[in-house]
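# Descriptive analysis of the structure
These are the residues of each chain, in order.
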Amino acid sequence: MLTKLLGGLIALVAFMPTAQAQEPAVFENSLGMLFVQVPVGAFQMGNARSPTRMKQLFPQYEESRLDELSDEMPVHTVWITHDFWLGQHEVTVGQFRKFLELSGYVPESVRDGAGGYGYDPAYDPATTERHDAFAGRDPKYSWANPGFPQADDHPVLNVTWNDAVAMAHWLSEKEGHRYRLPTEAEWEYGCNAGQSTLFPAGNDPVALDLTANVFDASSAKLWPQWAAYARPGDDKFPFTAPVGSFEPNAFGLYDMAGNAWEWTADWYGENYYQDTPLEDPKGPAEGSVKVRRGGAWHTWALYARCNFRNVNSPDTRYVLQGMRLLLEKP
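Below or above, wherever it landed, is the structure these notes cover. (Residues numbered from 1 in each chain as written. Predicted model: local features only at pLDDT ≥ 70, side-chain atom pairs only at ≥ 80, totals over all residues. Heavy atoms only, no water.)

Turning next to the pattern of salt bridges. Counted by the stated rule, this structure contains 15 salt bridges. Arg-65 serves as the salt-bridge partner of Glu-62, at 3.0 Å between the closest nitrogen and oxygen. Lys-221 is paired through a salt bridge with Asp-234; the nearest N and O atoms lie 3.6 Å apart. On the criterion of sequence distance, the pair formed by Lys-221 in the loop between helix H9 (217–220) and strand E9 (261–267) and Asp-234 in the loop between H9 and E9 is long-range, its members being 13 residues apart. Each of the salt bridges in this network shares a partner with another, and the network as a whole consists of Arg-178, Arg-180, Glu-186 and Glu-328. (Salt bridge = Lys/Arg side-chain N within 4 Å of Asp/Glu carboxyl O. Helix = DSSP H or I, 4+ residues; strand = E, 2+ residues; numbered from the N terminus.)

Right, here's the structure in full:
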């Protein structure tokens with residue numbers, strides 16, 4: 001047994017990726033989307049920090065918020081046994097527009113007539129039952145109009161899980177290579193580049209000030225009621241930023257924290273980590289909500305961690321919700 005255990009530990013170390021000293025391999029597809037090769041490897045999935053340590057890292061948060069993170073436990077070893085190509089950036093407005101023009105696909109928020117969500121400076125969250133920060137659903141809001149200006153190089157928003165799957169399916173048919181959404185495990189592995197850090201650039205929330213577009217001083221000016229949760233830095237982007245505006249992680253992936261929430265392929269299971277497969281876990285076989293990861297431009301640091309698991313129904317369209325696609329092999 002000891003020999004087997006030691007052999008497993010040696011193999012784990014051998015497969016653990018290290019920060020790349022050279023430029024990552026990049027593939028460009030027919031829509032101009034860039035994909036970075038992510039190598040096979042193993043990592044510790046989940047969050048092993050004690051409540052005391054989390055309180056030290058996030059002192060402004062109520063204990064009730066820190067107590068809501070039990071679905072990130074237990075920490076467990078995950079082996080990614082195949083390399084894959086992950087979008088170097090989130091899917092942009094321009095790329096999504098090209099997809100719609102070439103495929104004829106109609107986004108769910110337009111097709112069902114319900115619209116999406118958007119920023120309205122006159123909107124008062126206190127007047128709604130949900131106390132939502134944004135107005136909607138409303139037909140005037142969609143991927144083309146989140147209530148603030150976006151250029152073609154900004155991340156597309158208000159896209160549903162079904163929209164993301166439709167784009168991946170269309171690209172697969174068009175190019176003859178399989179595109180899909182990443183699993184939760186593939187996403188987290190890509191986020192912290194195979195290590196076990198809270199954020200793409202390490203464990204200190206301060207790292208977000210220069211590496212991620214999250215809720216900071218620029219956003220707090222528009223939502224002063226939540227200023228206590230804002231990062232003290234000011235990146236000059238109160239809304240979305242052009243993709244790739246911040247430093248990449250060690251795999252060469254941009255915006256894995258902040259800018260737009262990203263859909264994963266997995267159904268959500270609150271206790272899934274308690275009995276997850278060791279190799280290439282794909283989430284529960286069924287469920288009611290899908291996992292999204294990474295946080296967005298309006299997200300507090302606690303929720304922009306690589307470990308944090310958030311959920312939405314597949315037809316959710318929101319002003320913070322975007323996507324990043326995975327290519328199995330070019």
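Don't stop here, the text continues.
In this section: the packing of aromatic side chains. This structure, assessed with the given rule, holds 27 aromatic pairs. Pairwise contacts between aromatic rings join Phe-58, Tyr-61, Phe-199, Tyr-229, Trp-261, Trp-300, Tyr-303 and Phe-308 into one cluster. One cation-aromatic arrangement involves Lys-290 over Trp-267; the distance from NZ or CZ to the ring centre is 3.8 Å. Seen from the ring of Tyr-273, Arg-309 lies directly overhead, with NZ or CZ sitting 4.4 Å from the centre. (Phe/Tyr/Trp six-rings, centres within 6.5 Å; stacked < 30°, edge-to-face > 60°. Lys NZ or Arg CZ within 6 Å of the ring centre and 35° of its normal.)

Attention now moves to the sheet that holds strand E11 (residues 310–312). Here four strands make up an open sheet; going across it, the order is E11-E10-E9-E12 and the pairing mixed. A strand with exactly one partner marks an edge of an open sheet, and here the two such strands are E11 and strand E12 (321–322). Where E9 lies against E12, two bridges are found, and the strand directions are parallel. Bridge pairing links Glu-262 to Gly-322 in E12. (Pairing = 2+ DSSP bridges.)

Let us look at helix H7 (residues 184–191). The buried fraction of H7 amounts to eight of the eight residues, a majority that puts the element mostly inside the structure. By the burial criterion, the buried members of H7 are Glu-184, Ala-185, Glu-186, Trp-187, Glu-188, Tyr-189, Gly-190 and Cys-191. Residue Ala-193 follows H7 closely and has a positive phi angle near 55°. (Buried < 20%, exposed > 50% of the residue type's maximum accessible area, 1.4 Å probe, protein only.)

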